[in-house]
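Secondary and tertiary structure notes
If you want the building blocks of each chain, they are given just below.
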Amino acid sequence: MRRKEKRLLQVAGLLIAALLFLPNVGLWSLYRDRVFENSPELVEGAAGLPGIQVRQTKGPRKEIHLGPNGARRIDWHDYEAIRRDAARAGNGEQGKPFPLTDADRVDQAYRENGFNIYVSDRISLNRSVADIRHPNCKQKLYLEKLPNTSIIIPFHNEGWSSLLRTVHSVLNRSPPELVAEVILVDDFSDKEHLKTSLEEYMVRLPKVRILRTKKREGLIRTRLLGASMAKGEVITFLDSHCEANVNWLPPLLDRIAQNRKTIVCPMIDVIDHDNFGYETQAGDAMRGAFDWEMYYKRIPIPPEIQREDPSEPFESPVMAGGLFAVEKKWFWELGGYDTGLEIWGGEQYEISFKVWMCGGRMEDIPCSRVGHIYRKYVPYKVPGGVSLARLSHFTRFRLFFCLTELPNKVVLMGTCFIVKQITAQGHFEQLIGYIFDLEPRQRNILLFVSPPLALKQNLKRVAEVWMDEYAEYIYQRRPEYRHLSAGDMTAQKELRNNLNCKNFKWFMTEVAWDLPKHYPPVEPPAAAWGELRNVGSGMCVESKHSASGSPVRMETCLKGRGEAGWSHGQVFTFGWREDIRVGDPLHTKKVCFDAISHNSPVTLYDCHGMKGNQLWRYRKDKSIYHPISNSCMDCSTADKRVFMNSCDSTSATQQWVFEKTNSTILEQFNRNN
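Residues numbered from 1 in each chain as written. Predicted model: local features only at pLDDT ≥ 70, side-chain atom pairs only at ≥ 80, totals over all residues. Heavy atoms only, no water.

Next up on the list: the overall build of the protein. Across its full length, the protein holds 18 helices and 30 strands. With 673 residues in all, the protein has 53% of them scored as buried. Residue pairs in contact within the protein that sit at least 24 positions apart in sequence constitute 71% of those at least 6 positions apart. (Helix = DSSP H or I, 4+ residues; strand = E, 2+ residues; numbered from the N terminus. Buried < 20%, exposed > 50% of the residue type's maximum accessible area, 1.4 Å probe, protein only. Contact = heavy atoms within 4.5 Å.)

Turning our eyes to something else, we now look at unusual backbone geometry. Even without being glycine, Asp 468 reaches a positive phi, approximately 50°. Within the secondary structure layout, Asp 468 lies in the loop between helix H13 (453-466) and helix H14 (471-477). Even without being glycine, Asn 500 reaches a positive phi, approximately 55°. Turning to its location among the elements, Asn 500 is positioned in the loop between helix H15 (490-498) and helix H16 (504-511).

What follows is about the packing of aromatic side chains. By convention here, two paired aromatic rings are described through the distance between centres and the angle between planes. This model, assessed by the stated rule, comprises 22 aromatic pairs. Taken together, a centroid distance of 5.2 Å and an interplanar angle of 70° make the contact between Phe 353 and Phe 507 edge-to-face. Here Phe 353 is found in helix H11 (residues 347-357), whereas its partner Phe 507 is found in helix H16, with 154 residues between them in sequence. By the burial criterion, Phe 353 is buried, and Phe 507 matches it. (Phe/Tyr/Trp six-rings, centres within 6.5 Å; stacked < 30°, edge-to-face > 60°.)

Taking every second residue as pointing to the same face, both faces of strand S7 (residues 234-237) are buried, with Val 234 and Thr 236 on one and Ile 235 and Phe 237 on the other. Two strands pair when backbone bridges link them, and strand S4 (residues 149-155) and S7 are joined in this way by 4 bridges, in the parallel orientation. In the strand pairing of S7, Ile 152 is matched with Phe 237. The sheet contact formed by S7 and strand S14 (residues 324-327) spans 4 bridges and is antiparallel. Of the residues in S14, the one forming a bridge with Phe 237 is Phe 324. (Pairing = 2+ DSSP bridges.)

Tallying each qualifying case throughout the model produces 44 salt bridges. Among the ionic pairs, Arg 369 bridges to Asp 284, the shortest N-O distance being 2.6 Å. Separated by 85 residues along the polypeptide, Arg 369 in strand S15 (residues 361-373) and Asp 284 in the loop between strand S10 (278-279) and strand S11 (287-290) bring together distant segments of the chain. Accessibility expressed as a relative area gives 28% for Asp 284, which makes it partly exposed. Between Glu 480 and Arg 478 there is a salt bridge, and its shortest N-O distance comes to 3.4 Å. (Salt bridge = Lys/Arg side-chain N within 4 Å of Asp/Glu carboxyl O.)

Quick look at helix H3 (residues 79-87) now. One turn of the α-helix equals 3.6 residues, which is why residues spaced by three or four share an orientation. Residues Ala 81, Arg 84 and Asp 85 constitute the buried set of H3. Along the axis of H3, the buried residues cluster in a sector spanning 100°; they form a single face. Exposed residues pointing more than 90 degrees away from the buried face of H3 are listed as Ala 86 and Ala 87. Between the side-chain oxygen at the start of H3 and the backbone nitrogen of Glu 80 there is a gap of 3.3 Å, and the oxygen is on Asp 78. (Arc of directions from axis to C-beta. Polar contact = N/O pair within 3.5 Å; in protein donor to acceptor, adjacent residues only side chain to side chain.)

Attention now goes to the state of the cysteines. As used here, a disulfide is simply a covalent bond connecting the sulfur atoms of two cysteines. Tallied over the entire structure, the rule returns 5 disulfides. The disulfide partner of Cys 137 is Cys 367, and the S-S distance across this bridge is 2.0 Å. Here the S-S torsion is close to -85°, and the disulfide linking Cys 137 with Cys 367 is therefore left-handed. One end of the pair, Cys 137, is in the loop between helix H5 (117-120) and strand S3 (142-143); the other, Cys 367, is in strand S15, and 230 residues separate them in sequence. Both residues of the pair, Cys 137 and Cys 367, count as buried. (Disulfide = S-S within 2.5 Å.)

Between H11 and H13, the least distance of the axes is 10 Å, while the angle of their chain directions is 15°. As far as their axial angle goes, H13 and H11 are roughly parallel. The two elements H11 and H13 cross, and the hand of that crossing is left-handed. Contact residues: H11 offers Tyr 349, Glu 350, Phe 353, Lys 354 and Met 357, while H13 offers Leu 459, Val 462 and Trp 466. Residue composition of the contact of H11 with H13, by class: 6 nonpolar, no polar and 2 charged. (Axes fitted to C-alpha atoms, helices over the stretch in contact; angles between N-to-C directions. Parallel < 35°, antiparallel > 145°, perpendicular 65-115°, else oblique. Left-handed = near helix turned anticlockwise from the far one by under 90°. Nonpolar A, V, L, I, M, F, W, Y, C, P; charged D, E, K, R; others polar.)

With that out of the way, let us pick up the side chain of His 241. With respect to the helices, strands and loops of the structure, His 241 is situated in the loop between S7 and strand S8 (242-244). Each residue touching His 241, except ones within four places of it in the same chain, is listed here: Phe 115, Glu 158, Ser 162, Thr 166, Gly 371, His 372, Ile 373 and Arg 375.

A separate point is the sheet that holds strand S1 (residues 65-66). The 3 strands are arranged S1-S2-S3 in an open sheet whose pairing can be described as antiparallel. What marks the edges here is a single partner per strand, and that holds for S1 and S3. Pairing between strand S2 (residues 72-74) and S3: 2 bridges, direction antiparallel. For Arg 73, the partnering residue across the bridge sits in S3 and is Leu 143.

Right, let's get into helix H9 (residues 249-258). Most of H9 is tucked away, with 7 of its 10 residues classed as buried. All buried positions along H9 are accounted for by Leu 249, Pro 250, Pro 251, Leu 252, Leu 253, Asp 254 and Ile 256.

For strand S19 (residues 528-534), the buried fraction is high: 5 of the 7 residues fall into the buried class. Of the pairings in the sheet, the one linking S19 to strand S22 (residues 572-574) comprises 3 bridges and is antiparallel in character. Bridge pairing in S22 places Trp 529 opposite Thr 573.

Further remarks concern the nonpolar core. Phe 290, Phe 353, Met 467 and Phe 507 are the most contacted members of the largest nonpolar core, which totals 57 residues. Ignoring any residue separated from it by four or fewer positions in sequence, one finds Phe 290 in contact with Tyr 295, Lys 297, Val 318, Tyr 349, Phe 353, Met 467, Phe 504, Phe 507, Met 508, Leu 515 and Tyr 519. Judged by nonpolar contacts, the second largest core, of 44 residues, contains Ala 71, Leu 125, Val 264 and Leu 323. (Core = buried A, V, L, I, M, F, W, Y, C linked by side-chain atoms within 4.5 Å.)

All right, on to the environment of Gln 476 then. For Gln 476, the position within the fold is in helix H14. Remark: the alpha-carbon pair of Gln 476 and Val 522, spanning 46 residues in sequence, is separated by 9.6 Å.

Further remarks concern the environment of Ser 548. Along the chain, Ser 548 turns up in the loop between strand S20 (540-542) and strand S21 (553-555). If sequence neighbours within four positions are ignored, Ser 548 has contacts with Val 591, Leu 604, Tyr 605 and Asp 606. A distance of 3.3 Å separates the side chain of Ser 548 from the backbone nitrogen of Asp 606, its partner in a polar contact.

Below you can see the structure in the form of structure tokens.
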């Protein structure tokens, strides 16, 4: 009898312990969830381990709906998680900007990461973000049976809080049954907080594992390492400073479940590098494209393929590069990334051309949104070098003048003197470095700039393997690419042949058919170009150092002083986009005349090709008219300003003469408008 009583007491004790402590069902679990729900954690330093909030339960069974083809669909939203996020309050919550002070804006805050780590460390790892999806997304149903995914996040010397917030947002806003694992791939980081502290932290997140390279490999090979170790049916690539938004994952996996040869990309939102405010990109849903120097571009969705429901997926010729999902088997059937691509750059074009030309497709998914921090600058850290954050404001201003044309050529101005050029290894790329002798107190400043040689070689390799005769358009704009070595391309050309891939003309005709409208392979003739002389003052417009955000000024005309040539800052082109760019027609820079409103100064800003503030008319009365502000370009001789003013056909200071004009093109512009 005594033995039975003892066994009963043991069983009772085990039941009580289970009730208290078993994960997800015990009273401790209920207490833990309540605490995490109502008390945003404090983000500590590298050694600190804040509380971990992760949704691990599947929740109540979803109601099943039968689609038109009999497919079983469900609502994948986690409404309990959405409710908890909506109730959160505090700095940065709901994706709102963090209230900055002057102390938050010091250079030290940006030095290590290129974004404000001081602010990041003071925002919850589990912070909420605003659901900025189209309202129709909230009503969408997706297949009940979706493939699971391995989420691969490469990183190098990433900030503690930004990396952990990426992981937490993925786990918090993804159905747990769809996440096979999260793989963090460390590309040879040397920061202490990314070693033992990170290992200890991730032990408490069983779905997360860490892979480490034995030497610096670069972004491409780091991603390939993660993909080679993935267990999931789908591999999803993210960057290490992202935040997943509400229900981001099912819309991606649903398209792959319907067509395994579809690569899908989320909408990439912007997390401000200063205050961590979360918002859409300008223009939001747009197609990925490129110009003929191989710079990534975004172009509007043409009316021919616009859907009545803007929340529906749409085809995109080219991905941005960092964030996408692909079925694992299909990824390897395509050969993964070309292993001949070095370090970083060009891989987004290679995978995009390959999937389209070799039997697949690529889509952007408006109901899947992921925020991404676009760095203020890339925080290169190399032996003997300095980043811009380490220089005084005066020195940075001087360097601005010296770096006008880098890396294609160097313009030496004033006392700028380049001692020598070197190369080194940056975060994910090879860097070109210049040592400057600028001022007595700070001689031998070493600054690294890009694009590096590896990027140029990568772009040539992609062009040679995939772009056929269209590669010539790139070489016409980048003649230095012709003589670069792109390595042995035999295996890639055999892969293209074995997959029965289509030619690049098919890609341009059937997939990127709208690209030439925005970025024509053969540049149409310009309407006017050369120096821009003011009739009233006899002075010329001067762009100084072509820096985005700087005002244009009036200066003595260089050609009047016998300084003829096309390389100085008084040459402009009024081109087929009806914007005014710095440079001659064959060598325009990517900065344009821009004005906001009546009386505003005329400034240089990055060209966007979308007209708006950068749309101009060169009229027969020699005025330069700005339709958006209904005003004309004017100038002041006394202070050398160029500004917008009410149009006055009798004012000589509103009359401008380009050195060269094409009357046929000008008449066409004016006739069309």
